[in-house]
Amino acid sequence: MVWTWRYEKADGSAVTSSLGQEEFAGQGDAETWIGETWKQLAEEGVDTAVLLEDGAKVYAMSLHEA
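Residues numbered from 1 in each chain as written. Predicted model: local features only at pLDDT ≥ 70, side-chain atom pairs only at ≥ 80, totals over all residues. Heavy atoms only, no water.

Caption draft 1: Broad picture of the overall build of the protein chain. Each helix and strand counted, the protein chain has one helix and three strands in total. From first element to last, N terminus to C terminus, the protein chain shows the α and β order β-α-β-β. Against the globule reference of 11 Å for 66 residues, the protein chain gives a C-alpha radius of gyration of 11 Å, in line with a compact fold. In terms of overall dimensions, the protein chain has C-alpha extents of about 30 × 25 × 20 Å along its principal axes. Put simply, the protein chain has 66 residues, and 35% of those count as buried. Once local pairs closer than 6 in sequence are excluded, the contacts in the protein chain between residues at least 24 apart make up 50%. (Helix = DSSP H or I, 4+ residues; strand = E, 2+ residues; numbered from the N terminus. Rg over C-alpha atoms; globule rule 2.2 N^0.38 Å. Buried < 20%, exposed > 50% of the residue type's maximum accessible area, 1.4 Å probe, protein only. Contact = heavy atoms within 4.5 Å.)

Encoded structure:
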């Protein structure tokens, strides 16, 4: 299984990050990575990060602080 993040604007359109497209061996690794990089992604205009497992959506999360 391959875990990846897809980055989106608030309207659902795709956003490309300067961090590139990382692939992770497990969900925990992917979640740790997003926890370390979400602020930079948000500064680049990413509103939502969508976790994918082999291309299938697992969940989406806002990158805006509550």
